[in-house]
Amino acid sequence: MSSRPSRWTERLRELAGDLLQEAWERAERVGSIRPGSRRARRFGAFGDDTVICFPMAALFGERSIHVGAGCLLGPYMSLSAGVSPLDIRDHPVVHIGDRCLLGKGTGIVGHQSIVLGDDVWTGHHVYITDANHGYQDVDVPIGRQFAPPRPVRIGDASWLGHGAIVVGGVTIGRHVVVGAGAVVTGDLPDYSVAVGNPARVIRRYVDGEWTRVDAAAETSG
């Protein structure tokens, strides 16, 4: 006998797939966080025309998170202020400016201060944190050792490529390109392009034009 599904079986599978897709699309519409919703009111600030897409990977500490107007935060995002949901902070920890677009799977983990300026865009799976773990005490698991948090600031109109990582203590200037997969461990100046691990500046905007940066000169300077 043929193992090929019958015409009716194929039709049922097709209908089931259509229903599943429609249900998921409805869940995305209903589950997304929008201005005026009960979940949005938990935030320290939640701007007009901003959407945090469903589903979220993790979300807590909303009272210490301020999101500007006209932002789009992609699905599967992790967004948190504090070490855990029980760690309630009494001051703004994460501030996202106006018209920011944060790609799918992006993570922003703030313990002290993370500030994104206006018009900051990212690719997918970007990770930004002001926190880190210690390792000095060999009798305590590294996961239970916390180094002091160090503030992070990302300037207006900057772009972080897919998979970029920004660690504590970093200031990224205005209109900066961070290449895909870059690990930013030090400050980046305004109007620059940085790539690599650790990220290094390869182009700067000088006297009205973009110019290459000599690696030797950058290191010695």
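These numbers were taken from a predicted model, which means no experiment stands behind them.

(A) Here's a closer look at the nonpolar core. Of all hydrophobic cores here, the largest spans 40 residues; its most connected members are Leu73, Leu79, Ile96, Ile108, Ile128, Ile172 and Val178. Listing elements by their share of this core, those giving two or more residues are strand 4 (65–67), strand 6 (78–81), strand 7 (94–96), strand 10 (114–116) and strand 15 (152–154).

(B) Representation of the packing of aromatic side chains in the model. Counted by the stated rule, this structure contains four aromatic pairs. Seen from their ring centres, Phe43 and Phe46 are 5.2 Å apart, and the 65 degrees between their planes marks the pair as edge-to-face. Each member of the pair, Phe43 together with Phe46, is buried. Their ring planes at 55 degrees and their centres at 5.3 Å tell us that Tyr205 and Trp210 sit as a pair that is tilted. Overall, the relative accessible area of 40% leaves Tyr205 in the partly exposed class. Every member of this aromatic cluster is reached through a ring pair, and the members are Tyr191, Tyr205 and Trp210. Against the face of Trp8 rests Arg7, its NZ or CZ located 4.9 Å from the ring centre.

(C) Fine view of a negative patch on the surface. Together, Asp18, Glu22, Glu25 and Glu28 line one region of the surface with negative charge. For Glu28, the position within the fold is in helix 1 (residues 7–31). A residue is classified by how much of its surface remains accessible, and Glu28, at 30% relative accessible area, is partly exposed.

Reading the values: the criteria
- All residue numbers here refer to positions counted from 1 along the written sequence of the relevant chain.
- Per-residue local features of the predicted model are confined to residues with pLDDT of at least 70, and side-chain atom pairs are confined, for both listing and counting, to 80 or more; whole-chain, interface and lining totals are unaffected and use all residues.
- The side-chain quantities take in all heavy atoms of the structure and omit both hydrogens and water.
- Buried Ala, Val, Leu, Ile, Met, Phe, Trp, Tyr and Cys residues form a nonpolar core when they are joined through side-chain atoms within 4.5 Å.
- When a residue's accessible area, from a 1.4 Å probe over protein chains only, is under 20% of the maximum for its type it is buried; when over 50% it is exposed; and in between it is partly exposed.
- In this text, helices come from DSSP runs of H or I with a minimum length of four residues, and strands from runs of E with a minimum of two, each type numbered from the N-terminal end.
- Between rings of Phe, Tyr and Trp, where Trp is taken as its six-membered ring, a pair exists when centres lie within 6.5 Å; planes separated by under 30 degrees are stacked, by over 60 edge-to-face, and by other angles tilted.
- Distance and angle both matter: a charge sits over a ring if NZ of Lys or CZ of Arg is within 6 Å of the ring centre and within 35 degrees of the ring normal.
- Residues forming no salt bridge and having over 30% relative accessible area are the ones grouped into patches, like charges within 9 Å of each other and nonpolar side chains (Val, Leu, Ile, Met, Phe, Trp, Tyr) within 5 Å.
- Accessible areas in this description were obtained via Shrake-Rupley with a 1.4 Å probe; residue shielding takes into account the shown protein chains only.
- Should a side-chain nitrogen of Lys or Arg be within 4 Å of a carboxyl oxygen of Asp or Glu, the pair is scored as a salt bridge.
- None of His or the chain ends enter the tally, which takes Lys and Arg as positive and Asp and Glu as negative.
- Lys charges are placed at NZ, Arg charges at CZ, Asp charges at CG and Glu charges at CD.

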